[in-house]
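# Chain and residue survey
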Amino acid sequence: MKAVDNTWYILGPGAIGCLWASYWRTDNTRVVLIEHSPIDSNSVQLSSDQGCHSYPIETVSPEQLLHSNTIIQHLFISTKAQHTLAALTQLQPRLATNAEILVVQNGLAIVELQQLLATQQLFAGVTTDGAYRTAPLQVTHAGRGETLVGAMTNHATAAVLSRLPGTGLAIAHCDTIEQRLWQKFALNCAINPLTVKYQCRNGQLLTQAEARKELSLLCREIQSIASAIKPAAWFETLEADVVKVLELTADNINSMLQDVQQGRDTEIAQLNSWLVQQAKQLAIPHPLNQAIINTVLAHHPAA
Ligand code: KPL
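Residues numbered from 1 in each chain as written. Predicted model: local features only at pLDDT ≥ 70, side-chain atom pairs only at ≥ 80, totals over all residues. Heavy atoms only, no water.

Summed over the entire model, instances satisfying the criterion amount to two cavities of 30 Å³ or more. By volume, the largest cavity amounts to about 40 Å³. Surrounding the largest cavity, Gln105, Asn106, Gly107, Gly125, Val126, Thr127, Leu181, Lys184, Phe185 and Asn188 form its lining. Listed by contribution, the elements that provide at least two residues to the lining of the largest cavity are strand S8 (121-127) and helix H6 (177-198). (1 Å grid on protein atoms, 1.4 Å probe; cavity = no way out; pocket = protein on both sides within 12 Å on 5 of 7 lines; lining within 4 Å. Points joined across faces, edges and corners; volume = space filled by probe spheres on them. Helix = DSSP H or I, 4+ residues; strand = E, 2+ residues; numbered from the N terminus.)

See the structure below:
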């Protein structure tokens, strides 16, 4: 009988990818990082309130994978939203027909992936964990949030949940995952670009008076646009939800600020710019979102 392959391949080993890789390794699960540029390390290092630990890790380039006869049963995607479709299309020949694919990223790009996958099982994870990297495979778990996992295709989540890290991360099943994706999207539109404007950790958006005021106003504008696109009561508590996440991840360097600091392109196009496009079509005023987009673009023109 063929042994069951529980290996998780991780596409996009940024802060969240390395965080999950570390916690899988604490459970002794085999993890392979799919990485374009060769990494000069065969271990991933995790710093958290439990101390600092290193775990051996394997890496492979997409080219090596494509030229191998590997069949991927479990794929974790934590690329930037704008790179997901191309990366997944490239890997498709190596995916098992019933592969489990879990996408944990900001934005709503996962919705487009549904059309690409005929038989595979697609799950979304919405996370409020705060994590940042200090080197390619060194990650700090800076804020303990929660990850909700739900199916985007017509599959049960029980099997995939049993294969997720059992320690370190708070993971729960969610059967309203699309709603959660939207709430998280709205939350990221409020928090992420403001941390770039104020060049601050998440928690400082609550303690700096000017930033706090702007956060409130931006939440209100995001709420009015988002609830016109998706009429639902989900956005009513946006500011309170944002405050909760900022408290939980107070020490975190936000993912958009990390991108700006490291000269990488940001997710602004997948977040506020996408929202502004919708606002224009619906003739909804959006001056604060436009202003914050301009600020992020001024920090990193290729955003
Ligand atoms: O999603 C995040 C991010 O950094 O992109 C939060 C949860 C706001 C943590 O910083």
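Ordered by their spatial adjacency, eight strands build an open sheet running S5-S2-S1-S6-S7-S8-S11-S12, and the pairing between neighbours is mixed. Looking along the sheet, the strands with just one partner apiece sit at the ends: strand S5 (58-60) and strand S12 (171-173). Strand-to-strand twist across the sheet, computed as the mean angle between neighbouring axes with direction ignored, equals 25 degrees. Together, S8 and strand S11 (147-151) form the strand contacts of H6, whose direction differs from that of S8 by roughly 40 degrees. (Pairing = 2+ DSSP bridges. Axes fitted to C-alpha atoms, helices over the stretch in contact; angles between N-to-C directions. Contact = heavy atoms within 4.5 Å.)

It is worth spelling out the pairing of strand S2 (residues 31-34) at this point. Here S2 shows two buried faces, one formed by Val31 and Leu33 and the other by Val32 and Ile34. Where strand S1 (residues 8-11) meets S2, four bridges bridge the pair, whose relative direction is parallel. Paired with isoleucine 10 across the strands is leucine 33, a residue of S2. Crossover connection from S1 via helix H1 (residues 15-26) to parallel S2: handedness right-handed. Where S2 and S5 come together, three bridges link them in parallel fashion. Bridging from a neighbouring strand, isoleucine 34 pairs with valine 60 of S5. (Buried < 20%, exposed > 50% of the residue type's maximum accessible area, 1.4 Å probe, protein only. Right-handed = clockwise from strand over helix to strand, strands pointing away.)

Right, let's talk about the state of the cysteines for a bit. Counted under the stated rule, the structure contains zero disulfides. Unpaired in terms of disulfides, cysteine 174 finds its nearest cysteine sulfur in cysteine 189, a separation of 19 Å. Given the relative accessible area of 7%, cysteine 174 is considered buried. For cysteine 189, which is in no disulfide, the shortest distance to another cysteine sulfur is to cysteine 219 and amounts to 10 Å. (Disulfide = S-S within 2.5 Å.)

Our next topic: the nonpolar core. Of all hydrophobic cores here, the largest spans 67 residues; its most connected members are Leu75, Ile101 and Val242. A per-element tally of this core places H6 first, with 12 residues. When neighbours within four sequence positions are excluded, valine 242 is seen to be in contact with Leu187, Ala190, Ile191, Leu215 and Cys219. (Core = buried A, V, L, I, M, F, W, Y, C linked by side-chain atoms within 4.5 Å.)

When we look at a pair of aromatic rings, we describe it by the centre distance and by the angle of the planes. Scanning the model with the defined rule gives nine aromatic pairs in all. These aromatic residues form a ring-pair network of at least three members: Trp182, Phe185, Trp234, Phe235 and Trp274. (Phe/Tyr/Trp six-rings, centres within 6.5 Å; stacked < 30°, edge-to-face > 60°.)

Next up on the list: the layout of surface pockets. If you roll a probe as big as a water molecule over the atoms, it shows you where there is empty space left. By volume, the largest pocket amounts to about 880 Å³. Lining the largest pocket we find 41 residues, and of these Gly14, Ala15, Ser78, Thr79 and Lys80 sit closest to its centre. Among the secondary structure elements, those contributing two or more residues to the lining of the largest pocket are H1, helix H3 (84-91), strand S9 (130-135), H6 and helix H10 (255-261). With five residues, the single largest contributor to the lining of the largest pocket is H6. For the lining of the largest pocket, the per-class residue count stands at 11 nonpolar, 21 polar and nine charged. Each pocket or cavity is described by its volume, and for the second largest pocket that value is around 360 Å³. Residue lining of the second largest pocket: 16 residues in total, with Thr128, Arg180, Leu187, Asp241 and Val245 positioned closest to the centre. Of all the secondary structure elements, the ones that give two or more residues to the lining of the second largest pocket are H6 and helix H9 (238-248). For the lining of the second largest pocket, the element with the highest residue contribution is H9, accounting for five residues. Partitioned by chemical class, the residues of the lining of the second largest pocket number eight nonpolar, three polar and five charged. (Nonpolar A, V, L, I, M, F, W, Y, C, P; charged D, E, K, R; others polar.)

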